[in-house]
Each structure stands twice: as structure tokens, then as C-alpha cells.
Amino acid sequence: MDEFVTTARSGVRPASLLKWAFLVGIALYFIVPMAAMARFGFQSVPTALLTPDKLFTGWSVSGLWDAMTDPRMLAGMKTSLLLVLFAILLNLVLLVPLAIVTEVRNPHLRPYLTALTLLPWVIPPIALVVGVAATFRATVPWFLASVFSLVPFYALWAMPFTYRALDAGLQAINARTLYEASRSMGASLWTIIFRVLLPNMRASMVAASCLTAAMVLGEFAFASLLLKNTLPTEMVIYQAKNPRGGLAFAIFIMVLTAVGLGLVVRSLRRRGLNIQTTGI
Amino acid sequence: MRAIFRRENRLGLVVLIPFAAFVGLFLVYPTVVVLLKAVTPHGELGTSALMRALSGTYRTGFIQSILLSGWSAIIGGVIGVLLALVVKSLSRPKWLHPTLDSWSAVASQLGGVGLAFAFIALIGTQGIMTKVFSNMGINLADYGITAVGFWGQVLVYLYFQIPLMFLVMMPAVNGLKTSWREAAAIMGASPARYWRSVGIPLLVPSTLGGMLLLFVNAFTAYATVYVLNPSGALVPLQIRYLLQGNVITGEEDLAYAIVAWVILLLLSSLVLITVMQRRTLRWTSS
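Please read all numbers here as calculations on a predicted model, not as lab measurements.

### A closer look at the interface of chain A and chain B
Moving on, step 1. Taken residue by residue, the interface counts 80 residues in chain A and 86 residues in chain B.
Moving on, step 2. Summing the contributions of chain A and of chain B, the shared interface buries around 7400 Å²; its carbon and sulfur component is 80%.
Moving on, step 3. Along the contact surface separating chain A from chain B lie zero salt bridges.
Moving on, step 4. Ranked by the residues each element gives to the side of chain A that touches chain B, the list is headed by helix α2 (residues 12-42) of chain A, at 14 residues.
Moving on, step 5. When the residues that make up the side of chain A that touches chain B are grouped by side-chain class, the tally is 61 nonpolar, 12 polar and seven charged.

In C-alpha cells, the structure reads:
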């Protein structure tokens, strides 16, 4: 530490060199596993036979294609996309009116709703699944028989960031002022909601939906423990059968999620909306 | 609270009731049932299930989970704080801060099946790093760095822990005002003295809070460990075992008791996190 400080004082260069070395190290840590995965998924040369001269041979997307056209994977994809859709709809139906009414009419409710953002940290899927098996499995077995019984639980874990995003959106447009202005000009409540507030909330609704989609597409614990076949559980089964195709598909999904989420987060930051994915 | 029930607030009630009913039915009800069943094994009030959940293999599970979550929280926490400090101190490439910000928001969510696959390709028995190191005469397995080894799993967890710590720490690090550092320098304090008397004491509460959050995050991670090593001794895997193989009577009570301990652990960590956050807010918000 002392050595670091003296070099820092004698000149800027060594210290900033150290900082960049640290950043490069971090970047390598995040890139190398993905590169290893891409190599395994897209190059048909086993690691044992891989030598420097073979580095550029045997690359193909056939594994990815096999995985994408596998009937079980297609079914899993369809299920997961429907789960995404239903979880988003359920969340918006429950939370949009709640966020609006809380912001414009009952601001004293806000602390209670903010406490809600801690829920998924206290009761994570791995804990709630035991409770669900203990209650719904005995009382309403038909409910858990359907794969769509996952929807309410996925909506539950998506609630914190959905509420945060909607709330941030309402704060950013000064919803209460807009509400009072429209009121004083004689607009009815429904006019205000549908013609003033909702159009202004589109950005935060899109953000919340994208975060929900990423969460649902990646959720494994709850689906697997309730023996439901969604995209992540099918991916694990498929990977055991066809390691190369499984990995190629997994990196495809990860890149897709990362790019999609990254674009959403960036465009929102540019609009001044601070989206908290951590929910805390 | 009474204001909710006033007449003009009927609208509030109309939107609040479906929401409360939803959370009550799908979250509160199953959780309360588990907690009640944990303290009433075989239908009678008692702590036998809770005690059994902390003995034998289940004790090993808790110890293993706490060690893995703890080490990944400490290492990820330190690297995350350093990353936040370095990024704050470098203003030159303008893209650096926003890019890392977006990337962290994404990467902190990347834990799961895909991440486990990536590390199997890296440090699995057929992994590329395993091969590179063995060509150099180093057997990574000797150091526990395999897809099923302890340090290998810590390495995997860091992939989502470091970005999460960065996200949690950035507000606190940005709250360290340049004017404080300048004031310290004018009064003759060396950079080391500034960090010892101002910087570090201010960052300690948020760093500890952040590390606790990482701990909770790692403790409940399931997909990654399930893919890497389904026969491991971690608590989430033991819950799976009890849930899917509960043929012996009495085993259900054990699952409820383990979940009750997990919830207690998470709840107390979160109370501590909130306390630490209050301390940070005191000086970042002003």
C-alpha cells in the first residue's frame, strides 16, 4: 500500500497503469469463460485433441442448429415465451393501477410498497417451492399439474423491479402535478389515466417487461423442483445428450439476453430513469 | 394506516385488495405454512425438526453453503469495491462508466444454467483452462479449481457477484465528494491519511452491507450448483433431495425446518443490510 502511494505521488503514470491492468484483468475474467464456451459450442475439435495449429478448424453452427430444431427445446421455448407473456401481463395488471393510485392519491402507501422490494431476497424460489409443495400440492393438485402454475410465482419475483421501474417512471414525469393539472382542467380520472399517465409510462413498462422476460427465461430452480419443462430445464436435459449443441444454444441465449437487457438499461439511463435490477 | 379506509380513498382500496390477495395467497400463505410446520413436527409443537435440520449431513450442508457464500461474498465484495473506486477515478474514456454500468446490470442477472455451462467449458475435466494449465505442468484440481471443487465454484459465483457489488457500491463511491479529498489535501493530509480517516470509514458500512447482499445472493443460488455438481452438499441441493425423495415419513418436517432456518438467516442478513444502508444514506443523500 505504501509503495503504491509513493509511486502515485511521484507521477500519475504508474498508478493509472496499475488501474488499467486491474481493469484488463477483470475484463479477461468476464470474457474468457464465454470464449471457452463459444469454442466448445461452435468448434467440433475435442479439447484433448486441440493444438494451436487446429485453432481455426472445425468451426460450425451445426450444434446450435441441432439444438434449435430439437422438438423438446422448441416446446420448452414456446412454454417459456408464454410464461414470459403471462407473467408480464399479470404484473402490469396488478401493479400499474397500484403504482398510479399510490403516487397520485395515496402517497402514504409508498413505504409499504417499497418494503415489497425485499420479498425475493427473503423468500427466494428455493425456499418458496417447499411451501408451495406443502400447500397447493395437497389442496389444489390440478393447479400445480399445469406448467402455467409457475406464472403467479414468476410475477411475484418480478414485482420488485416492476414496481421500482413503474414508480421511477411516475416520479420522472411528475405524475402528481400532471394529475392535478388535468383535474383542474376538468378531465375525468379515466381520461387522466389513459390519455396522460399511461402514454408517459410506456418506457418504464417496456423496461419492467424486459427485466421480467430475462428473469423468466433464466429461472431454473422453481421450474425444475416442480418438475416443469421450461427452456432452462430443457437446456440442462439437452446438454447431457448433446454437449456441443447445448453449449452453443446456451451462449446464444445468453448473448441475446445480455444484448437485449443492455440496450434497455442504456436507453433508460439516457432518459434519466434509474433502473435498479438488484431491487434493493 | 386509517387513511386508506376513508371514503375518498375507495379507489386505493380497489387496487390494493387484488394485489394484497395475490401476495397473500402465493407468498405469505405457503411461507407461513412452512414456518408453522417447522415448529410442529408430527403435529405437535416442538423443536425436534429444527434441531435435526442442524445436525449430521444437514449441518455439513449449512457449513458448506455458508463457506461458499461467504468466500464468494468477501472476494467478490473486495473486487467489486476496487472496481467501483477505479472506475470513479478514471474519467478519461467517457464510455467506460456507462458501459460498465450496463454490463453489471446485465451480468448480475446472468447466474444460472448458461453460466454453469461456460465454466464447465473452462475448468471442467475437458475444459480449456484445465488443459492449458496441465500442459504447463500444473494440475488445477490440486487447488480445488474444478467445476465441482470449492474454489472452482467460488470462481463461478464471482461472475455474478462482482457486477452485483459494483452496482451496489457505485452510489456510495460516487458520494465521496472530490471537495473532501481536496479539503484533506489542503490541510496537509497525505492520500493515505485521507483514505484512513475519511474514505475508508465512510465506505465501510456500505461495503459490509453489499457483502451481506452478495452472501444472501450466493446462498440461494440453485441453477449454477445444480448443473456443476448436483450431488454436492449445499443447502439448496439438500432441499431438492428432500423435496423429491420424501418417501420416508418425517422427512417433510426436515425440509420445512431447513427452509425455516434459511428464511431466518436471510431475514437477519437483510435487517443488517437495511441498517448499513441507513448509515450510508445519511451522507450520500445530503
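### Quick word on the pattern of salt bridges
Residues and elements named next belong to chain A.
Moving on, step 1. Taken as a whole, this structure holds three salt bridges over all chains when the rule is applied.
Moving on, step 2. Across the pair R72 and E234 runs a salt bridge whose closest N-O atoms are separated by 3.1 Å. Linking R72 in helix α4 (residues 71-104) with E234 in helix α14 (residues 231-241), this pair joins segments that are 162 residues apart in sequence.
Moving on, step 3. Classification of E234 as buried rests on a relative accessible area of 5%.
Moving on, step 4. With a shortest N-O distance of 3.6 Å, E103 and R176 are connected by a salt bridge. Separated by 73 residues along the polypeptide, E103 in helix α4 and R176 in helix α10 (residues 175-184) bring together distant segments of the chain.

### Structural notes on the packing of aromatic side chains
Moving on, step 1. The final tally for this structure, using the stated rule, is 28 aromatic pairs over all chains.
Moving on, step 2. Pairing A:Y29 with A:F30 gives two aromatic rings, centres 5.1 Å apart and planes at 70°, and the pair type is edge-to-face. Across the pair, A:F30 and A:Y29 agree in class, each one buried.
Moving on, step 3. Connected via pairs of aromatic rings, a cluster forms that spans A:F136, A:W142, A:F143, A:F153, A:W157, A:F222, B:F22, B:F26 and B:Y29.

### A few points about the side chain of A:S182
All names here are of chain A.
Moving on, step 1. Position of S182 among the secondary structure elements: in helix α10.
Moving on, step 2. A distance of 2.6 Å separates a polar atom in the side chain of S182 from the backbone oxygen of L178.
Moving on, step 3. Apart from the residues lying within four places of it in its own chain, the contact partners of S182 are A187, I192 and V196.

### Considerations on the domain arrangement of chain A
Residue and element names in this part refer to chain A.
Moving on, step 1. As assigned here, chain A comprises domain 1 (2-54) and domain 2 (64-278).
Moving on, step 2. One C-alpha centre belongs to domain 1, the other to domain 2; they are set 34 Å apart.
Moving on, step 3. Taken together, the contact pairs eight residues of domain 1 with eight residues of domain 2.
Moving on, step 4. With both sides pooled, the region where domain 1 packs onto domain 2 buries about 770 Å², and carbon together with sulfur makes up 84% of that total.
Moving on, step 5. When the area that domain 1 buries against domain 2 is broken down by residue, the three leading residues are M37, F40 and F42, summing to 62%.
Moving on, step 6. Taken together, the links from domain 1 to domain 2 amount to zero salt bridges.
Moving on, step 7. Linking domain 1 to domain 2 there are zero residue pairs in polar contact (both at pLDDT 80 or more).
Moving on, step 8. In terms of residue class, the side of domain 1 that touches domain 2 is made up of five nonpolar, three polar and no charged.

### Re the nonpolar core
Residues and elements named next belong to chain A.
Moving on, step 1. Counting residues in hydrophobic clusters, the biggest one holds 175 residues, and the most contacted among them are M37, Y154 and F222.
Moving on, step 2. Of the domains in this structure, domain 1 (2-54) and domain 2 (64-278) are the two that each give at least three residues to this core.
Moving on, step 3. Sequence-distant contacts of Y154, defined by excluding residues within four places in its chain, comprise L83, A87, M215, V216, E219, F222 and A223.

### Description of empty space enclosed by the protein
Moving on, step 1. For the coordinates displayed, the defined rule picks out three cavities of 30 Å³ or more.
Moving on, step 2. Roughly 1100 Å³ of volume is contained in the largest cavity.
Moving on, step 3. Together, 41 residues line the largest cavity, and A:M215, B:S108, B:Q109, B:G111 and B:N217 are the ones closest to its centre.
Moving on, step 4. At five residues, the largest contribution of residues to the lining of the largest cavity is made by helix α15 (residues 243-270) of chain A.
Moving on, step 5. When grouped by side-chain class, the residues that make up the lining of the largest cavity number 27 nonpolar, 13 polar and one charged.
Moving on, step 6. Volume-wise, the second largest cavity comes out at about 50 Å³.
Moving on, step 7. For the lining of the second largest cavity, the secondary-structure elements that each account for two or more residues are α3 (56-89) and α9 (191-219) of chain B.

### A closer look at the environment of B:L25
Moving on, step 1. With respect to the secondary-structure elements, B:L25 resides in helix α1 (residues 10-39).
Moving on, step 2. The spatial distance from the C-alpha of B:L25 to the C-alpha of B:L265 is 23 Å, given a sequence separation of 240 residues.
Moving on, step 3. With residues up to four places along the chain from it excluded, the contact list for B:L25 reads A:F136 and B:P30.

Criteria and cut-off values
- Residues numbered from 1 in each chain as written.
- Chains lettered and ligands numbered in written order.
- Predicted model: local features only at pLDDT ≥ 70, side-chain atom pairs only at ≥ 80, totals over all residues.
- Heavy atoms only, no water.
- Contact = heavy atoms within 4.5 Å.
- Buried area = accessible area lost by both parts, 1.4 Å probe.
- Salt bridge = Lys/Arg side-chain N within 4 Å of Asp/Glu carboxyl O.
- Helix = DSSP H or I, 4+ residues; strand = E, 2+ residues; numbered from the N terminus.
- Nonpolar A, V, L, I, M, F, W, Y, C, P; charged D, E, K, R; others polar.
- Buried < 20%, exposed > 50% of the residue type's maximum accessible area, 1.4 Å probe, protein only.
- Phe/Tyr/Trp six-rings, centres within 6.5 Å; stacked < 30°, edge-to-face > 60°.
- Polar contact = N/O pair within 3.5 Å; in protein donor to acceptor, adjacent residues only side chain to side chain.
- Domains from an automatic or database assignment.
- Core = buried A, V, L, I, M, F, W, Y, C linked by side-chain atoms within 4.5 Å.
- 1 Å grid on protein atoms, 1.4 Å probe; cavity = no way out; pocket = protein on both sides within 12 Å on 5 of 7 lines; lining within 4 Å.
- Points joined across faces, edges and corners; volume = space filled by probe spheres on them.

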